[in-house]
Amino acid sequence: MGRTRQAVLIILYALMTVKAFEMEIIPANRVVAQIGETLVLTCNSTGCASPSFSWRTQMDNPLGGTVNNHRTYSTLTMNPVSIVNSHHYLCTVFCGEKEKKEKSIKVELYSFPSDPVIEISPSLVAGKPVSVLCKIPDVYPSDRLEVLLKKEEHVLHEENFYTDDSTNTETKTVKYSFTLTAEDIGKEITCVAKLPIANMDFEPKERVASQKLNANFGPQNTVITASPGSSPMEGDHLKLTCVTESNPPPQIVWRKHLADESIQHLVENNVLSIPHARSTDSGLYICEVINLVTNKTEKATVDIVVQGVPSIAELSIEPSTTVQEGENVSIHCSAESNPPPKIILRRKSDRADMGSYSDRRILLLPSVTFLNSGDYECVAENKFGKTESAITLNVEYGPKNTMISVIPANTVKEGETVTMKCTSSGNPAPVISWKKKKATGESEKISEDATLIVQNVKSQDLGLYECEAYNQFGKEEKVVKLLVQVPPQNITVLVYPSENVKEGENVTITCSTYSNPPSQMVLKKVHQENEIILPSVNGTFILYNVTKNDTGRYLLDVFNEVGNNIKVIDIAVVGRLEKTDQMIPLIIAFSCVTAVAVPVVAIWIYVSRKAKINGSYSLVKALRLKVMLNKEFLGEVEGIWFLLALVLIKQYAKPLPWQKNQEQQLQPSKHFEKGSETPGGPAAAGHSALSTCCCAGPALQHTLYHVGKVLCMIFQCCFCQCQSKYPSQQAVEEHTSPAVRILFQMAQNQPCINHQYNPKQIKI
């Protein structure tokens, strides 16, 4: 029972706390709005969870606005408010299907947006009629408008529009005319417009406009004021003000006279401002004042001279800043300042003037070269200071002054590193490449860098290196010769006849090598008390008539500035046999007999056959043949016997008594002491015993006669000593047999023993 009572109380309490369904419109009942503005009507609902809203006019006219529904309220927005919005608006709120509420609001409109506008016409001239027009724009409702015209405090005219039936905004005009007097000039005409609407709360309900009665005149007394003056300094703020008397205010135009007599239009304002005056702002300025009412114009002028440091107006190069060698060039410079500047045009690197101070201010450079390249400056100077400006002349030309530097030198040792650097001037910068001359005379390109580095130089690197500097205007070449010093190498030593020889023989040592610079050669014997050194003649050393004392080890030192190489030669000399072989005389005797017998037998056989062939025998012919055969036979025997005698002399005979003195005279000293310049005398080539025999004095020549001389040639006589003693060609043909003449021809082809003379060169 208690619980039931408690529940009933709770329900009653809840029913008492729930709000009733209500609505309202904001603003309430009545609203005043100005045409052209924005008006928002709001309809609120309370006590309903999900209300619905509806807007309409009382006469079901168009709303003339926008409806926006929200959860508990709705708005009607009129933007802008127009004459169609002058209605009663109703808002209906539904809560469920059974409950609804409705309220209305009246919208009242007006329009009084701006002050009146006064117009006075025509031109105000004393003693002439003048009309005053007052316009009140966009008035509504106009039937409530009241207008009042006053001159100072005196009412000139009053007018209302109570009878106007306009249903929209309109501009209303009030016009009044009167005669202008001199006393009226300067007085104020006032137009007062009122819109008194009862029961409408808006402001303002009265608008006023005023204008003075001024007569039109001017322009007159026009002047220009310059601040800080008509001669400002560069950088000053220059202000030009044009002052005039005119009614109504005139139109003002600023102009400037230019150097070419043209006129530059600047601004349309009474003040001309130049924040940072420059010399180019100097000139004649004109202020032109125009009164459009009186149709009059007046001008005022001022001459402005801006003083200061000169400014370079122009610095140029003709035909261009980049030219080719040989072209004619002119450099132009002009400057402006007050007072006028003094101009110097010169090469920047040269402090001396390069041009005159004439008004032309031109520097002429005929047929320029690369030496004319560089910076040129124009210096403009006056009492306030000076200004400099520079321009660069770029002269293009082909490669010049190409030079090669070699580090450490152009003569290097094998294995060193050599650096060859090629430099060349040109514009544009030349492209440098290296070539090397081949043995064929052709050039092979080896590098396209300015620096050529040859590492670990070898002998094959020596030769001519050519540096070529090239650009589009030409090329230039320079050549350097690289010399590679090489120590002696590839040494070959030949000993003739061999390293083992007999006493009395000559030993020839021939040495060949490769080196740079050419090698010197010295032959010296090891362990010699008195050191004896033999120099070479074209790489050849000769030991004449060697003895057992010449046996030993020889050192052949081959050297140059770079290094040396030593070869060891062991020579063994064997003694000559004292006893001749017993069989040799027998062999010689047998050979002699045979040499005689064989021709005799041959002759008899020939004679016998001749007789048999002829079939008869003639004593006269036989005797003639015998004489002829005996002559030829004796010649052959003479040659054969002499040949055998020479063989015996060469192999076994000692020098004959008459030969000893001559042999001592002709035989060169075997060696020469260290430090001597020549190895003997004029007979230094040396001779054998046979050559001494052949070239002996008159006694031997008488014995041997012509045949002996010819045979002497066969056995390699020394022609440099004996050539004047050899028989002539005619003597040989007249006094010798055919066999001897054959031997003579053989002798002419026989080379000399010292390999320095050839019998072919000897005139017989």
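Residues numbered from 1 in each chain as written. Predicted model: local features only at pLDDT ≥ 70, side-chain atom pairs only at ≥ 80, totals over all residues. Heavy atoms only, no water.

The name given to the chain in an unreviewed UniProt entry is Vascular cell adhesion protein 1 isoform A, and the organism recorded there is Patagioenas fasciata monilis. For the record of the chain, the UniProt heading Subcellular location (unreviewed entry) holds the text "Cell membrane". (UniProt positions renumbered as here; feature names shortened; annotations may be inferred.)

## Focus on the overall build of the chain
Assigned secondary structure in the chain consists of 9 helices and 43 strands. A burial count over the chain gives 36% of its 764 residues as buried. Accessible surface, the chain as shown: approximately 44800 Å² in total, 52% of it carbon and sulfur. (Helix = DSSP H or I, 4+ residues; strand = E, 2+ residues; numbered from the N terminus. Buried < 20%, exposed > 50% of the residue type's maximum accessible area, 1.4 Å probe, protein only. Areas by Shrake-Rupley, 256 points an atom, 1.4 Å probe, with all protein chains shown as cover.)

## Quick look at the pattern of salt bridges
The tally for this structure, following the rule as stated, stands at 16 salt bridges. Taking the shortest distance from any N to any O, the salt bridge between R255 and E288 comes out at 2.2 Å. Pair noted here: R255 is in strand β18 (residues 251-257) and E288 is in strand β21 (residues 283-291), with a separation of 33 residues, a long-range link. The exposure class assigned to E288 is buried, which follows from its relative accessible area of 14%. For the salt bridge of E448 with K445, the shortest nitrogen-to-oxygen distance reads 3.9 Å. When its relative accessible area of 57% is taken as the criterion, E448 is described as exposed. (Salt bridge = Lys/Arg side-chain N within 4 Å of Asp/Glu carboxyl O.)

## Some remarks on the sheet that holds strand β12 (residues 154-160)
Neighbouring strands of a sheet are bound in pairs by backbone hydrogen bonds; such pairs are parallel or else antiparallel. Ordered by their spatial adjacency, 4 strands build an open sheet running β12-β11-β14-β15, and the pairing between neighbours is antiparallel. Among the strands making up the open sheet, the edge pair consists of β12 and β15 (206-212). With direction set aside, neighbouring strand axes in the sheet form an average angle of 15 degrees. By the bridge criterion, 7 bridges tie strand β14 (residues 188-194) to β15 in an arrangement that is antiparallel. Along β15, the bridge assignment pairs I189 with Q211. (Pairing = 2+ DSSP bridges. Axes fitted to C-alpha atoms, helices over the stretch in contact; angles between N-to-C directions.)

## Structural notes on the sheet that holds strand β17 (residues 238-247)
The strand order across the open sheet built from 3 strands is β16-β17-β20, with neighbouring strands paired in antiparallel fashion. This sheet does not close on itself; its edge strands, each paired only once, are β16 (217-227) and β20 (271-274). Strand after strand, the sheet turns through a mean of 10 degrees between neighbouring axes, direction not considered. Across 4 bridges, β17 lies against β20 in antiparallel orientation. Bridged to L240 within β20 is L272.

## Examining the nonpolar core
The biggest cluster of nonpolar side chains holds 26 residues, and the ones touching the most others in it are F112, I136, L145, V147, F178 and L195. Elements represented by at least two residues in this core include exactly β9 (117-121), β10 (129-139), β11 (146-151), β13 (170-179) and β14. Ranked by residues supplied to this core, first place goes to β10 with 5 residues. Beyond its immediate chain neighbours, meaning those up to four positions away, L145 contacts I136, V139, N160, F161, K172, A193, K194 and L195. Membership of the second largest hydrophobic core comes to 23 residues, among which are I25, F53, C91 and V107. (Core = buried A, V, L, I, M, F, W, Y, C linked by side-chain atoms within 4.5 Å. Contact = heavy atoms within 4.5 Å.)

## Here we look at the side chain of R207
One can find R207 in strand β15. Within the structure, R207 has its side chain in polar contact with the backbone oxygen of F112 (distance 3.0 Å). Of the polar contacts made by the side chain of R207, one reaches the side chain of D115; its length is 3.3 Å. Not counting residues within four places of it along the chain, the set of residues in contact with R207 comprises F112, P113, S114, D115, P116, C191, V192 and A193. (Polar contact = N/O pair within 3.5 Å; in protein donor to acceptor, adjacent residues only side chain to side chain.)

## Topic: the packing of aromatic side chains
Summed over the entire model, instances satisfying the criterion amount to 3 aromatic pairs. Ring centres 3.9 Å apart and planes at 20 degrees place the aromatic pair Y110 and F202 in the stacked group. With a gap of 92 residues between them, Y110 in strand β8 (residues 99-110) and F202 in the loop between β14 and β15 connect regions that are remote in the sequence. No difference in accessibility class separates Y110 from F202, as the two residues are buried. Ring centres of Y176 and F178 lie 6.0 Å apart, and the angle between their planes is 25 degrees; on these two criteria the pair is classed as stacked. You can call F178 buried: its relative accessible area is 12%. When the ring centre of F202 is taken as reference, the NZ or CZ atom of K205 above it lies at 5.2 Å. (Phe/Tyr/Trp six-rings, centres within 6.5 Å; stacked < 30°, edge-to-face > 60°. Lys NZ or Arg CZ within 6 Å of the ring centre and 35° of its normal.)

## A word on the environment of V573
Positionally, V573 belongs in strand β43 (residues 564-574). What makes V573 buried here is its relative accessible area of 9%. The spatial distance from the C-alpha of V573 to the C-alpha of V507 is 10.0 Å, given a sequence separation of 66 residues. The residues touching V573, leaving out its near neighbours within four places in the chain, are V501, K502, E503, V546, T547, K548, D550 and T551.

## Here we look at unusual backbone geometry
P428 follows N427 through a cis peptide bond whose omega is 0 degrees. Within the secondary structure, P428 sits in the loop between β31 (418-427) and β32 (431-437). Cis geometry is adopted by the peptide bond preceding P497, which originates at Y496 and carries an omega value of 5 degrees. Positionally, P497 belongs in the loop between β36 (474-496) and β37 (500-502). Although it is not a glycine, N199 adopts a positive phi angle of roughly 60 degrees. Tracing the sequence through the fold places N199 in the loop between β14 and β15. In the Ramachandran plot, N545 falls in the positive-phi region, its phi being about 45 degrees despite a non-glycine side chain.

## Considering the confidence of the model for the chain
Per-residue confidence for the chain gives a mean pLDDT of 76, with 70% of residues at or over 70. Low pLDDT, under 50, characterises residues 611-634; the predicted model gives this stretch 10 contacts beyond four residues in sequence or across chains. The low-confidence segment residues 747-764 (pLDDT under 50) makes 33 contacts with residues lying over four places distant or belonging to another chain. (pLDDT = per-residue confidence, 0-100.)

## Quick notes on the pairing of strand β6 (residues 73-78)
Both strand β3 (residues 39-46) and β6 contribute to a ladder of 6 bridges, which runs antiparallel. From the neighbouring strand, L41 faces β6, where its bridge partner is L76. As paired elements, strand β5 (residues 66-69) and β6 share 4 bridges and run antiparallel to each other. Residue pairing for β6: T66 is matched across the bridge by T77. The hairpin turn running from β5 into β6, its antiparallel successor, is 3 residues long.

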